[in-house]
Amino acid sequence: MAELRATSLAEVQEAVRLHPRLRPRGSGTKPALSTPREGEVALDLSGLKGILEYEPEEFVFTAYAGTPVEEVEAALRAHGQYLPFHPPLAGKGATLGGTVAAGLSGPMRERFGGLRDFILGVRFVDGEGRVVRGGGKVVKNAAGFPFHRLMVGSLGAFGVMVELSFKVFPHPRATATLRVALGGLEKAMAALERLRGLPLDLLALDLLPPATLEVRLGGFPGSLERRLKRLQELLGREGEVLHEDEAHWEGVRDLSFLEGSPVWAKVPSRLDLIPTLEGLPLGPRRYMAGGELLYVGLEPEGLHALRRAGIPHLVLKGAEEALFPPPPEAFFRKVKGALDPKGRFPLG
Amino acid sequence: MGFLEELKALFPPGRVLTREAELAPYESDALTAYRKRPLAVVLPERKEEVVEAVRLCHRYGVPFVARGSGTSLSGGSLPVEGGLVIALNRMNRILRLDPKARIAVVEPGVVNLEVSRAAAPYGLYYAPDPSSQPISTIGGNVAFNSGGAHCLKYGMTAGHVLALEAVTPEGEVVRLGGEGLEGVGPDLAGFFVGTEGLLGVALEITLRLLPKPEAYHTLLAAYGSLEAAGNAVSQVIRSRLLPGAMEIMDRLAIEAAEAAVKAGYPQAEALLIVELEGPKEEVEEEAKLLAQVIQESGATEVRIAQSEAERQAIWKGRKAAFSAVGRLSPDYIVQDGVVPRSRLGEALKEIGRLSQEYGLRVANVFHAGDGNLHPLVLYDGKKPGELERAEELAGEILKLCVRLGGSLTGEHGIGVEKKGYMPEMFATEDLLAMERVKEALDPKGLANRGKVLPEPGGRPGLEEVHG
């Protein structure tokens, strides 16, 4: 069936009313989530874009859901600000809506938190074509049911996101990265555990298995050298210091280390889960945010292994069944039924 | 058997309260102008007992309200007339504290500050710090998505709740979220937080802990006007600093705090507290910039805490301000509307005008970093008509916040107090969507009935809510 395109709220509503089964798509950087299944019509939202409001002094912006993250970040950069949850695949064209639907954060989430910590509000079209708003456009708000948080990781199950509001922060004035090889997984894990528990305010803390840590610092130029030195002392290694580290981390958050792998997946990891994960036949990978977030490239057998081990994951590319396990029936099904009673959207 | 008999069969004697004198303390929460007499109060000690109580309510169609310490300022834990109160204070165990995973798994009756206290030996803490934190419980914090003085930088309770076990109003037990910082699938735990108990009762909560900041730099600046203090906040933000907290108090609040705890504050029209926190090297650099910004902001006096004791002294007055205002007036209403930070000056000016118009004093203490106002409307409940006038003034302030692009509430929640104002902030379709979700999970409308969602026909009459 031909692809639909919606470039306004009214067109989204019309598409929802006319088609029994829809799959929203931004720029398609996560094809496992945006490719229409049997009987579904793709709803292309890449034309529903643009920043609607941005007051740098408020640390808040609102944009259409189809706006590319890159476009938003360019506007923020002009005012020395950034999206602290560091949305992945920005350089590949990822949109705000796709990022929220997939529930993705990148390596710099280590410093201030992930997507769920920064989303402030949403306007979406529910399964009956009704426009619903949740949250707000201020950094603090406790009024009404928080539909914006429901959208995080929803895969579009409750509605088509039209507008999104986020909190942003000032970007650190300077950054530097320390890369240290620690001679084995156990040693690397011990170092990781140690750093996680200390108030070091790291921008990123990644484990490249088996034994390399990459630590990014951000702050005033006047303090960075001293903080780097303290890190080197803590780790008992000089390591390798990158002062021009922006391009490197752009590559990391674009998941360029997964290029060439047939299947890309996000795995919510934990320190105690890493040894188990490391025993599975996984491809190229990187544990971000102190080991809490794994992005991994897989061959089909690796994906089977994850599933057999019962480890929750989300496939971004290369498989039909993206979400494992499915959401908890009792609560999810009721909320889904309230907002999408006819099962028009994914996870129906 | 009837409902009460079955309830008494489920709980040992002494843990079902039905006598008038026993029920009295549960008739209201911190919003004392509102009172309702429940049918009974149960005191569960284990989560299975909560589930049993909820199931029983569901079977008999009896409305229930879960309650912690009853510190809600929006009437969020006001009982339903003839309904059940499930008081969770006895479920106050920290079930697990895992410093390596940086999480704490707690029962809903655990007091907020107890979490940080238990985490302290590991250099960790629980970040959300509502002013009620020495008393309020995590279950209540979860229901109302509590805030505190550090929300700009650290967010609200929702970000710090990783997982929940909850019982739905129909008595089903569900697990939402996971033990790590990241998840896959819809963020149902995040959605549950802030729904004010309308979608169920949290039985077990997994919290994110953070490493306690290494260094603090706490500055107190005095200004000749409230506006000048507000402008200083904007200048701090424009300098690209991200303080952990920025708080403002006006003259009335300063005087009250002085009288109550002798914080030693300077005489001023407004005081600004700015606190930087982080690694010591970083805080040193930030402090240099902050000093410059504050110097240029026209502060009439600047003090910097040189020790932890001095830091605590600066905070003592701020934290005491609410109860201190109680000394200035027999009664007060506190609102917590939010405005975009750049409209703070405008909002405060308008609040001043409204205060004059209504002939009621308003003290201002607020979280300036996130635009969260806390106007305290002073009144005397014994003077006929004064409560009604104070409520009307408070309502005008709420509408003002929404008009300026903000929110009805930054952290206290809608409760029973502000539900009539929901249509000011949300469109009919938004409210209907909330109602549909409520209806799907609670078809009998039992869980915290009468809160958040406005009743058809608008605001309830005062005579009704004040009982």
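### Digging into the overall build of chain B
Link 1 in the chain: Assigned secondary structure in chain B consists of 17 helices and 18 strands.
Link 2 in the chain: With the principal axes as the frame, chain B shows a C-alpha extent of 75 × 60 × 40 Å.
Link 3 in the chain: By residue count, 63% of the 467 residues in chain B fall in the buried class.
Link 4 in the chain: For chain B, contacts bridging at least 24 residues in sequence account for 71% of all contacts bridging at least 6.
Link 5 in the chain: Accessible surface for chain B amounts to roughly 16400 Å². Of this, 50% is attributable to carbon and sulfur atoms.
Link 6 in the chain: Placing the 51 positive and 64 negative side-chain charges of chain B at their respective mean positions leaves the two points 2 Å apart.

### Some points on the domain arrangement of chain B
Residue and element names in this part refer to chain B.
Link 1 in the chain: Taken domain by domain, chain B holds domain 1 (1-212 + 419-467), domain 2 (214-325) and domain 3 (329-413).
Link 2 in the chain: Listed as interface residues are 15 residues of domain 2 and, on the opposing side, 17 residues of domain 3.
Link 3 in the chain: Where domain 2 abuts domain 3, roughly 1500 Å² becomes buried across the two surfaces, and 68% of that area is made up of carbon and sulfur atoms.
Link 4 in the chain: Of all residues in domain 2, Leu252, Phe322 and Val325 give up the largest surface area on contact with domain 3, accounting jointly for 40% of the area buried on that side.
Link 5 in the chain: On the surface where domain 2 and domain 3 come into contact, there are 0 salt bridges.
Link 6 in the chain: Taken together, domain 2 and domain 3 are joined by 6 residue pairs in polar contact (both at pLDDT 80 or more).

### Examining the packing of helix H1 (residues 3-10) of chain B against helix H3 (residues 47-60) of chain B
Residue and element names in this part refer to chain B.
Link 1 in the chain: Across the interface, H1 lies against H3 with an axial gap of 11 Å and an inter-helix angle of 165°. Taken together, the axes of H1 and H3 are roughly antiparallel relative to one another. With respect to the hand of their crossing, H1 and H3 are arranged in right-handed fashion. For the pair formed by H1 and H3, the contact residues are Phe3, Glu6, Leu7 and Leu10 on the first element and Glu52, Leu56, Cys57, Arg59 and Tyr60 on the second.
Link 2 in the chain: Residue composition of the contact of H1 with H3, grouped by class: 6 nonpolar, no polar and 3 charged.

### Observations regarding the sheet that holds strand E12 (residues 215-223) of chain B
Whenever strands of a sheet pair, they do so through backbone hydrogen bonds, lying parallel or antiparallel.
Residue and element names in this part refer to chain B.
Link 1 in the chain: The antiparallel open sheet is built from 7 strands, whose spatial order is E15-E12-E14-E13-E17-E18-E16. Edge strands, defined here as strands with exactly one partner in the open sheet, are strand E15 (301-304) and strand E16 (331-334). The sheet shows a mean angle of 15° between the axes of neighbouring strands, taken without regard to direction.
Link 2 in the chain: By the bridge criterion, 6 bridges tie strand E13 (residues 245-250) to strand E14 (residues 270-278) in an arrangement that is antiparallel. The partner of Ala245 across the bridge, within E14, is Glu275.
Link 3 in the chain: Set on the sheet, helix H13 (residues 344-358) makes contact with strand E17 (362-367) and strand E18 (375-379); between it and E17 the angle comes to about 160°.
Link 4 in the chain: Of the strands in this sheet, E16, E17 and E18 touch helix H14 (residues 386-403), which is tilted by about 165° from E18.

### With respect to the sheet that holds strand E10 (residues 201-208) of chain B
All names here are of chain B.
Link 1 in the chain: One open sheet accounts for 5 strands, arranged E5-E6-E10-E8-E9; its pairing is antiparallel. Looking at the sheet topology across the chains shown, the edges are occupied by strand E5 (94-98) and strand E9 (173-177). In this sheet, adjacent strand axes meet at a mean angle of 10° when their direction is disregarded.
Link 2 in the chain: Against the sheet, helix H4 (residues 112-119) contacts E5, strand E6 (103-106) and E10, and its axis sits at roughly 40° relative to E5.

### As for empty space enclosed by the protein
Link 1 in the chain: Under the counting rule described, the total for this entry stands at 8 cavities of 30 Å³ or more.
Link 2 in the chain: Reported here for the largest cavity is a volume of approximately 440 Å³.
Link 3 in the chain: Mapped by element, the contributors of at least two residues to the lining of the largest cavity are helix H5 (109-112) and helix H8 (185-196) of chain A together with helix H6 (151-154), strand E11 (210-211) and E14 of chain B.
Link 4 in the chain: Tallied by class, the residues present in the lining of the largest cavity amount to 16 nonpolar, 3 polar and 11 charged.

### Section: the nonpolar core
Link 1 in the chain: Core analysis: the largest hydrophobic core is formed by 136 residues, its most contacted members being Phe61, Phe147, Phe166 and Phe331 of chain A together with Val437 of chain B.
Link 2 in the chain: Among the elements that line this core, the one with the most residues is H14 of chain B, at 9 residues.
Link 3 in the chain: Once residues lying within four places of it in the same chain are set aside, the contact partners of Phe331 of chain A are Thr168, Val174, Leu176, Leu188, Phe191, Phe192, Leu199 and Leu441 of chain B.
Link 4 in the chain: Formed by 41 residues, the second largest nonpolar core is a distinct cluster that contains Ala191, Tyr287, Ala305 and Leu306 of chain A.

### Notes on unusual backbone geometry
Link 1 in the chain: With omega at 10°, the peptide bond leading from Pro209 of chain A into Pro210 of chain A counts as cis.
Link 2 in the chain: Among the secondary structure elements, Pro210 of chain A is positioned in the loop between strand E12 (204-208) and strand E13 (212-219).
Link 3 in the chain: For the peptide bond that leads from Phe324 of chain A to Pro325 of chain A, omega is -10°, which places it in the cis range.
Link 4 in the chain: Summarising the element assignment, Pro325 of chain A is placed in the loop between strand E19 (323-324) and helix H13 (329-339).
Link 5 in the chain: The backbone phi angle of Asn145 of chain B is positive, close to 50°, even though this residue is not glycine.
Link 6 in the chain: Turning to its location among the elements, Asn145 of chain B is positioned in the loop between helix H5 (138-144) and H6.
Link 7 in the chain: According to the relative accessible area criterion, Asn145 of chain B is buried, its value standing at 2%.

### Things to note about helix H1 (residues 9-18) of chain A
All names here are of chain A.
Link 1 in the chain: Along H1, the residues that are buried comprise Leu9, Val12, Gln13, Ala15 and Val16. One side of H1 carries all its buried residues, which in axial view fall inside an arc of 160°. Among the exposed residues of H1, those pointing more than 90 degrees away from its buried face are Ala10, Arg17 and Leu18.
Link 2 in the chain: On its buried side, H1 packs onto strand E1 (4-5), strand E2 (22-25), strand E3 (41-44), strand E7 (119-125), strand E8 (131-135) and strand E9 (160-167).

### Things to note about the side chain of Glu40 of chain A
Residues and elements named next belong to chain A.
Link 1 in the chain: Looking at the element boundaries, Glu40 is found in the loop between helix H2 (31-34) and E3.
Link 2 in the chain: On the accessibility criterion, Glu40 (10% relative accessible area) is buried.
Link 3 in the chain: Within the local environment of Glu40, its side chain forms a polar contact with the side chain of Arg21, the two groups lying 3.4 Å apart.
Link 4 in the chain: Within the structure, Glu40 has its side chain in polar contact with the backbone nitrogen of Arg37 (distance 2.8 Å).
Link 5 in the chain: Contact partners of Glu40, with chain neighbours within four places excluded, come to Arg21, Arg23 and Thr35.

### Side note on the interface of chain A and chain B
Link 1 in the chain: Tallying the contact residues gives 77 residues for chain A and 94 residues for chain B.
Link 2 in the chain: Here chain A and chain B share an interface that buries about 7200 Å² over both sides, 58% of which is from carbon and sulfur atoms.
Link 3 in the chain: Considering only the side of chain A, the residues that lose the most area to chain B are Lys140, Phe145 and Phe331 of chain A, jointly responsible for 13% of the buried surface there.
Link 4 in the chain: We note a salt bridge from Arg230 of chain A to Glu281 of chain B, for which the minimum N-O separation is 2.8 Å.
Link 5 in the chain: Residue contributions to the side of chain A that touches chain B peak at 7 residues, all from H13 of chain A.
Link 6 in the chain: Grouping the constituent residues of the side of chain A that touches chain B by class yields 37 nonpolar, 16 polar and 24 charged.

### Let's talk about the domain arrangement of chain A
All names here are of chain A.
Link 1 in the chain: The domain architecture assigned to chain A consists of domain 1 (4-170), domain 2 (174-253) and domain 3 (256-324).
Link 2 in the chain: The centre of domain 1, based on its C-alpha atoms, is set 24 Å off from the matching centre of domain 3.
Link 3 in the chain: Listed per partner, the contact involves 17 residues of domain 1 and 17 residues of domain 3.
Link 4 in the chain: In this assembly, domain 1 packs against domain 3 so that about 1200 Å² is buried in total across both faces, 66% of it on carbon and sulfur atoms.
Link 5 in the chain: The largest share of the area that domain 1 buries against domain 3 comes from Ala32, Arg37 and Leu104, three residues that together contribute 31% of it.
Link 6 in the chain: Run the count over domain 1 and domain 3 and you get 1 salt bridge.

### Topic: the packing of aromatic side chains
Link 1 in the chain: Throughout the structure, instances matching the rule amount to 12 aromatic pairs over all chains.
Link 2 in the chain: Ring geometry for Phe145 of chain A and Phe191 of chain B: centres 6.3 Å apart, planes at 90°, overall edge-to-face. Linking Phe145 of chain A in the loop between E8 and helix H7 (147-151) with Phe191 of chain B in helix H8 (residues 188-192), this pair reaches from one chain into another.
Link 3 in the chain: Judged by its relative accessible area of 0%, Phe191 of chain B falls in the buried class.
Link 4 in the chain: With a centroid separation of 5.6 Å and 70° between ring planes, the pair formed by Phe3 of chain B and Tyr60 of chain B is classed as edge-to-face. Of this pair, Phe3 of chain B sits in helix H1 while Tyr60 of chain B sits in helix H3, placing them 57 residues apart in sequence.

Each value, and the rule that gives it
- Residues numbered from 1 in each chain as written.
- Chains lettered and ligands numbered in written order.
- Predicted model: local features only at pLDDT ≥ 70, side-chain atom pairs only at ≥ 80, totals over all residues.
- Heavy atoms only, no water.
- Helix = DSSP H or I, 4+ residues; strand = E, 2+ residues; numbered from the N terminus.
- Buried < 20%, exposed > 50% of the residue type's maximum accessible area, 1.4 Å probe, protein only.
- Contact = heavy atoms within 4.5 Å.
- Areas by Shrake-Rupley, 256 points an atom, 1.4 Å probe, with all protein chains shown as cover.
- Lys, Arg positive; Asp, Glu negative; His and termini not counted.
- Charge placed at Lys NZ, Arg CZ, Asp CG, Glu CD.
- Domains from an automatic or database assignment.
- Buried area = accessible area lost by both parts, 1.4 Å probe.
- Salt bridge = Lys/Arg side-chain N within 4 Å of Asp/Glu carboxyl O.
- Polar contact = N/O pair within 3.5 Å; in protein donor to acceptor, adjacent residues only side chain to side chain.
- Axes fitted to C-alpha atoms, helices over the stretch in contact; angles between N-to-C directions.
- Parallel < 35°, antiparallel > 145°, perpendicular 65-115°, else oblique.
- Left-handed = near helix turned anticlockwise from the far one by under 90°.
- Nonpolar A, V, L, I, M, F, W, Y, C, P; charged D, E, K, R; others polar.
- Pairing = 2+ DSSP bridges.
- 1 Å grid on protein atoms, 1.4 Å probe; cavity = no way out; pocket = protein on both sides within 12 Å on 5 of 7 lines; lining within 4 Å.
- Points joined across faces, edges and corners; volume = space filled by probe spheres on them.
- Core = buried A, V, L, I, M, F, W, Y, C linked by side-chain atoms within 4.5 Å.
- Arc of directions from axis to C-beta.
- Phe/Tyr/Trp six-rings, centres within 6.5 Å; stacked < 30°, edge-to-face > 60°.

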